[in-house]
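Take a look at the letters that make up each chain.
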Amino acid sequence: MHDALLTIVGTFNRPQRDELMIKESGIQLDRALFPLLVQIGRFGPIGIVELADRVGRDYTTVSRQVARLEETGLAQRQKNPKDRRINEAAITLAGKGMTDKIDTARAQIYRGIFQQWCEDDCIALTRLLQKFVVDFTAKEQGRNDETVNPPA
């Protein structure tokens, strides 16, 4: 199972995958900015430190790259309303338009992959992946397994 997970992560982290998504989406975007825009669109507003952690880059690099996204009008920086010490990145309308194109291209690619799968398998995969993420995150954060998935 670990080998399969490493293969999935490696596949998703390949620069060629980002280039394919950019091409299939019909957008103009520096490949280095692609994962940041996607993460900001999905999880934003998101703190720059958390964003750096999610993409596996250092804070200063991500801060510069968010500045580039800001210059292009795809993201904006703001202070977290609950904790003014936290700098966040938020998607703009132009950025949302771009991530919508990316989502459309991604859905088309996934449809091609899963077209031979039965609907029950697709539903089961989605459910099990979500369960894995919840349980893995809980374990990573030191929460008890029983708290996450109490016995039936």
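Residues numbered from 1 in each chain as written. Predicted model: local features only at pLDDT ≥ 70, side-chain atom pairs only at ≥ 80, totals over all residues. Heavy atoms only, no water.

Explain the pattern of salt bridges here, please?
Where charged atoms from two side chains of opposite charge come close, those side chains can pair. Following the criterion strictly, the structure yields 10 salt bridges and no others. Note that Glu50 is salt-bridged to Arg54, the shortest N-O span being 3.4 Å. Of the two residues, Glu50 and Arg54 both sit in helix 4 (residues 48–55), four residues apart, roughly one turn of that helix. Between Asp135 and Lys131 there is a salt bridge, with the nearest N and O atoms lying 3.3 Å from each other. With a gap of four residues between them, Asp135 and Lys131 both fall in helix 7 (residues 119–140), about one helical turn apart. If you follow the salt bridges from partner to partner, you end up with Arg42, Asp103 and Arg106 in one network. (Salt bridge = Lys/Arg side-chain N within 4 Å of Asp/Glu carboxyl O. Helix = DSSP H or I, 4+ residues; strand = E, 2+ residues; numbered from the N terminus.)

Quick question: what am I supposed to make of the packing of aromatic side chains here?
Within a pair of aromatic rings, the relevant descriptors are the distance that separates the centres and the angle that separates the planes. For the structure on display, the rule yields three aromatic pairs. Relative to Trp117, the ring of Phe114 lies with its centre 4.8 Å away and its plane at 85°, an arrangement referred to as edge-to-face. Note on Trp117: relative accessible area 39%, which makes it partly exposed. Aromatic side chains Phe132 and Phe136 sit 5.5 Å apart centroid to centroid with 20° between the ring planes, which places their arrangement in the stacked category. Of this pair, Phe132 and Phe136 both sit in helix 7, four residues apart, which is roughly one turn of the helix. The class for Phe132 is partly exposed, based on a relative accessible area of 35%. Chaining the aromatic ring pairs together yields one cluster made of Tyr110, Phe114 and Trp117. Here the guanidinium or amino end of Arg54 rests over the ring plane of Phe43, the centre of that ring lying 3.8 Å away. (Phe/Tyr/Trp six-rings, centres within 6.5 Å; stacked < 30°, edge-to-face > 60°. Buried < 20%, exposed > 50% of the residue type's maximum accessible area, 1.4 Å probe, protein only. Lys NZ or Arg CZ within 6 Å of the ring centre and 35° of its normal.)

Is there a simple way to think about the packing of helix 4 against helix 5 (residues 59–71) in this case?
Packed helix pairs are characterised by how far apart their axes lie and by the angle those axes make with each other. The geometry of helix 4 relative to helix 5 is characterised by a closest axis approach of 9 Å and an angle of 105° between their N-to-C directions. Viewed along their axes, helix 4 and helix 5 adopt a mutual orientation that is roughly perpendicular. Within the contact between the two elements, helix 4 uses Ile48, Val49, Leu51, Ala52 and Val55 and helix 5 uses Tyr59, Val62, Ser63 and Val66. Taken together, the residues that form the contact of helix 4 with helix 5 break down as eight nonpolar, one polar and no charged. (Axes fitted to C-alpha atoms, helices over the stretch in contact; angles between N-to-C directions. Parallel < 35°, antiparallel > 145°, perpendicular 65-115°, else oblique. Contact = heavy atoms within 4.5 Å. Nonpolar A, V, L, I, M, F, W, Y, C, P; charged D, E, K, R; others polar.)

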